[in-house]
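Results of the structural survey
In case you want the letters, here they are:
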2 protein chains.
Amino acid sequence: MNAFDPRPPFYLGIDLGGTNIKSGVVEDTGRPLSSVSIETEADRGPEVGIENLAKAGRLAVEASGLRWDQISGVGLGSPGTMDLSRGMLLQPPNLPGWNQLPIRDLLAAKLDKPTILQNDANAAAYGEYWAGAGRNTRSLVLFTLGTGVGCGIITEGRIIEGRHSHGGECGHIIVQMENGRRCGCGAYGHLEAYASATALVKRAHDLLSEGSMKSVLREIPPDDLTSRAISEAADAGDPAARRLMKETAFYLAVGTVTLLHTIDPDIVLFGGGMIAAGQGFLEDIRQHVQKMAFPAVAKGTRIDYAELGGDAGFIGAAGCARDAFGR
Amino acid sequence: MNAFDPRPPFYLGIDLGGTNIKSGVVEDTGRPLSSVSIETEADRGPEVGIENLAKAGRLAVEASGLRWDQISGVGLGSPGTMDLSRGMLLQPPNLPGWNQLPIRDLLAAKLDKPTILQNDANAAAYGEYWAGAGRNTRSLVLFTLGTGVGCGIITEGRIIEGRHSHGGECGHIIVQMENGRRCGCGAYGHLEAYASATALVKRAHDLLSEGSMKSVLREIPPDDLTSRAISEAADAGDPAARRLMKETAFYLAVGTVTLLHTIDPDIVLFGGGMIAAGQGFLEDIRQHVQKMAFPAVAKGTRIDYAELGGDAGFIGAAGCARDAFGR
């Protein structure tokens, strides 16, 4: 066997999203051998959806060049509220109608493989831990910055799942208990209400409407304003956009400090669409953490961007299958 | 052997405080067989202090009626910054001059027993987990409400120690990132700056000085005002004291929600002097958590007072020795 031969055992990871399903086969080292993406068609209901999950999985195995019987197990990452031990989706907001769904067992029956369910943000954290920016660590926090703020926590090589499968829901830690912004979940003062891409755009609208600050952002039709446009305007020197990005870095540093003083992990990672903002944004987060965290923690904790991008979810889901079925 | 016979193996727990050292022998079930307390004499330096730790340990074994050779190991709980894996105190604020002290190995040499060092708040959490209000759970968060807000976290039966021995330092999570109160540690907006006994007294001074609110607290000389006096005045119906206690319950609920959405433990406990405030105070915390936490978590997580009182530290330290040396 040379270095490029695939190394068994092999696991199939499937990352279920509201819009797309991503799937790939991953070898024992964490290297993905294939990657496919198809539409979820979530609005066609769970039956079609599960058929699509199975289809994505079969295509990924085909694309890997392996035979179906070479796959040792399947990991499924999913958004929404769930009961991990029972493998159930409870009430996923992005998958309307997929309520009280025994998704793990339905998929296991379709694929005839041992299957495990994991929260998508937890799976992404596990992916980075296994094969990404967190490899060679024992504990890790990953914040995924997108529409919301996803989070997954690993300590001693294990995902903190929690009693109600709500471990690592750190988009919903309270960073501002008095006069806090309203979060997408309905509560107030959550990290996500300040630091998600959605929150950034909202704060931009607030800033533009309240003041007379000059900004190229005013030239963008309000409905077209995106976090990417803000980040690019900041890079081009626009003062309003710069201020918004600096504030976002501060909010993320606040959340990071709370996690550092709770978990004290080896590494804190940021992933998701917003990390397109680049090294300056990361440096701003680091500097705020330096000022706010306990000295030993501030000095000794690596803070970095995630490495696996959109593949973290299926790689991590495959890693969860390896953890569950591979030993 | 009948139910009252001590059950081997036996562990010696020692809880080092800035003022007193508490020690006791604990049997395999978590039941303490003895409990002694002597002065730390911290200001006489670490050499005297370590002699006093050893003395407290020996007295506890004597008081238990066991022979020294029946003790399988020693657990030491200590305040301050430390390096748990190396068994070192780094810079404990309440033990001035005890810096860079290899306290674990010094004590082990004095007692000639395998010895483990643990953070005092972590040890207390482990005590409640093993033998107190958290027995029969797998994960737990304990907040200890005193001069500061101590915290310890157990998940899957293990203490979250963290890379820099700063796991579970949740008195220093950020609950108010803008215009936050100054914490004893020098940073701003920490839970401890709102919810410790010290913070409660500070907030009382602020409330009394800023307004014309009538209160029996005004009859107490400012330097004699304590959290207990405030809690008792609240019980007696004093409006200012009631408001202060209600606010404290809210702050603790905020910290609790952040931990519920991070760890999602089986149970959250409150210990320390302030729980003398009684069931009404606990009920206020519970009600705020009900309103602020995710429904499944709010509904399914037990929130309660700790049971072991001032013995939690040495019982938990003994439990850590059992965990390290007993299997």
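Sequence order as written defines residue numbering, which begins from 1 separately in each chain. Just so you know, chain letters begin at A and ligand numbers begin at 1, following the order they were written in. Given that the model is predicted, a residue must reach a pLDDT of at least 70 before its local features are reported, and side-chain atom pairs must reach 80 or more before they are shown or counted; all residues, however, enter totals for whole chains, interfaces and linings. Side-chain numbers come from the whole structure's heavy atoms, not from hydrogens or water.

- Looking up chain A in an unreviewed UniProt entry gives the name ROK family protein, with the organism given as Paludisphaera mucosa.
- UniProt positions are given in the numbering used here, feature names are shortened, and annotations may be inferred rather than shown by experiment. Listed in UniProt under the heading Sequence similarities (unreviewed entry), the comment for chain A reads: "Belongs to the ROK (NagC/XylR) family."

**Description of the packing of aromatic side chains**
- Any two rings among Phe, Tyr and Trp, with Trp reduced to its six-membered ring, count as a pair given centres within 6.5 Å; such a pair is stacked if its planes are under 30 degrees apart, edge-to-face if over 60, and tilted if neither. In the structure shown here, the tally under the stated rule is eight aromatic pairs over all chains.
- Ring centres of B:F143 and B:F270 lie 5.5 Å apart, and the angle between their planes is 15°; this geometry places the pair in the stacked category. Here the residue B:F143 occupies a position in strand β8 (residues 140–145), and B:F270 occupies one in strand β11 (residues 267–271), the gap between them amounting to 127 residues.
- Grouping aromatic residues by their ring pairs yields a cluster made of A:Y194, A:F250 and A:Y251. Counting from the N terminus, the helices are DSSP H or I runs at least four residues long and the strands are E runs at least two residues long.

**Observations regarding the interface of chain B and chain A**
- We call two residues contacting when some pair of their heavy atoms lies within 4.5 Å. Tallying the contact residues gives 44 residues for chain B and 45 residues for chain A.
- Here the quantity called buried area is the total loss of accessible area, with a 1.4 Å probe, experienced by two parts when brought into contact, counted for both. Here chain B packs against chain A, burying approximately 3600 Å² in sum over the two surfaces, 59% of which is carbon and sulfur.
- By the criterion of area lost to chain A, the three top residues of chain B are B:I174, B:M177 and B:T262, representing 19% of everything that side buries.
- By salt bridge we mean one thing: a side-chain nitrogen of Lys or Arg within 4 Å of a carboxyl oxygen of Asp or Glu. Between chain B and chain A we count two salt bridges in total.
- Of the charged contacts in the structure, one is a salt bridge between B:D266 and A:R163, with a shortest N-O distance of 3.2 Å.

**Overview of the sheet that holds strand β1 (residues 10–16) of chain B**
All names here are of chain B.
- Here, strands pair whenever DSSP counts at least two bridges between them. Strand order in this open sheet of five strands is β3-β2-β1-β4-β7, and the pairing throughout is mixed. Looking along the sheet, the strands with just one partner apiece sit at the ends: β3 (36–39) and β7 (115–119). Going from strand to strand, the sheet's axes swing by 20° on average, the running direction of each strand aside.
- Sheet analysis places β1 next to strand β2 (residues 20–26), joined by six bridges and oriented antiparallel. For L16, the partnering residue across the bridge sits in β2 and is I21.
- Under this scheme, a helix contributes an axis fitted over its contacting stretch, all axes are lines through C-alpha atoms, and angles between N-to-C directions fall in the 0 to 180 degree range. Against the sheet, helix α2 (residues 103–111) makes contact with β1, β4 (71–78) and β7, and its axis sits at roughly 140° relative to β7, the strand it touches most.

**A word on the domain arrangement of chain A**
Residue and element names in this part refer to chain A.
- Reported domain spans reflect what an automatic or database domain assignment gives. What the domain assignment lists for chain A is domain 1 (10–127 + 311–325) and domain 2 (136–306).
- One C-alpha centre belongs to domain 1, the other to domain 2; they are set 27 Å apart.
- Contact residues are listed per partner, giving 12 residues for domain 1 and 16 residues for domain 2.
- When the two sides are added together, the surface that domain 1 and domain 2 hide from each other amounts to roughly 950 Å², 56% of it contributed by carbon and sulfur.
- Of all residues in domain 1, L84, N122 and A125 bury the most surface against domain 2, accounting for 45% of the area lost on that side.
- In this structure, the connection of domain 1 to domain 2 is made through zero salt bridges.
- Polar contact is defined as a pair of N or O atoms within 3.5 Å, subject to the rule that within protein one atom must be able to donate a hydrogen and the other to accept it, and that residues adjacent in sequence are counted only when both atoms are side-chain atoms. Across the domain 1-domain 2 interface, the total number found is three residue pairs in polar contact (both at pLDDT 80 or more).
- Going through the elements one at a time, β5 (82–83), β7 (115–119) and α3 (120–131) are the ones with two or more residues in the side of domain 1 that touches domain 2.
- Considering every element that reaches the side of domain 1 that touches domain 2, the biggest residue donor is α3, with five residues.

**Regarding the relation of the copies chain B and chain A**
- Laying chain B over chain A is done by rotating through 180° and shifting 0.0 Å along the axis; what remains is an RMSD of 0.0 Å. What the rotation and shift describe, once combined, is the action of a two-fold rotation axis.
- Mapped onto chain A, 100% of the interface residues of chain B again fall at the interface, so both copies present the same surface. Least squares is the method for superposing the copies, and the C-alpha atoms it fits come from residues with pLDDT of at least 70 in both.

**Some words on the packing of helix α3 (residues 120–131) of chain B against helix α10 (residues 312–325) of chain B**
Residue and element names in this part refer to chain B.
- Relative to each other, α3 and α10 sit at 80°, their axes nearing to 7 Å. Regarding the angle of α3 to α10, the classification is roughly perpendicular. Contacts between α3 and α10 involve A123, A124, Y126, G127, E128, W130 and A131 from the first element and A312, G313, I315, G316, A317, A318, G319, C320, R322 and D323 from the second.
- By the convention adopted, Pro, Cys, Tyr, Trp, Phe, Met, Ile, Leu, Val and Ala count as nonpolar, Lys, Arg, Asp and Glu as charged, and the other residues, Gly among them, as polar. When the residues that make up the contact of α3 with α10 are grouped by side-chain class, the tally is 10 nonpolar, four polar and three charged. Note on angle classes: values under 35 degrees are labelled roughly parallel, values over 145 roughly antiparallel, values of 65 to 115 roughly perpendicular, and the remainder oblique.

**A closer look at the pairing of β7(B)**
All names here are of chain B.
- For β7, the buried fraction is high: four of the five residues fall into the buried class.
- Strand direction decides the pairing type here: β4 and β7, joined by five bridges, are parallel. Across the sheet, the residue bridging to G77 is Q118, located in β7. Any residue under 20% of the maximum accessible area for its type is buried, any over 50% is exposed, and the rest in between are partly exposed; the area is computed with a 1.4 Å probe on protein chains only.

**What about the sheet that holds strand β3 (residues 36–39) of chain A?**
All names here are of chain A.
- Read across the sheet, five strands follow the order β3-β2-β1-β4-β7 without closing on themselves; strand pairing throughout is mixed. Where the open sheet ends on each side, the last strands, each with one partner, are β3 and β7. Mean inter-strand twist for the sheet, computed between neighbouring axes without regard to direction, equals 20°.
- In this fold helix α2 (residues 103–111) packs onto β1 (10–16), β4 (71–78) and β7, with an angle of close to 140° to the strand it touches most, β7.
- Each of β1, β2 (20–26), β4 and β7 touches α3; the most contacted strand, β7, lies at about 100° to it.

**Observations concerning helix α6 (residues 227–235) of chain B**
Residues and elements named next belong to chain B.
- Along α6, the residues that are buried comprise S227, A229, I230, S231, A233 and A234.
- Each element contacted by the buried residues of α6 is listed here: α5 (197–210) and α7 (239–260).
- Residue G237 follows α6 closely and has a positive phi angle near 95°.

**Things to note about the pattern of salt bridges**
- Within this structure, the stated rule accounts for 36 salt bridges over all chains.
- Salt bridges sharing partners connect three or more residues here, namely A:E283, A:R286, A:R302 and A:D304.

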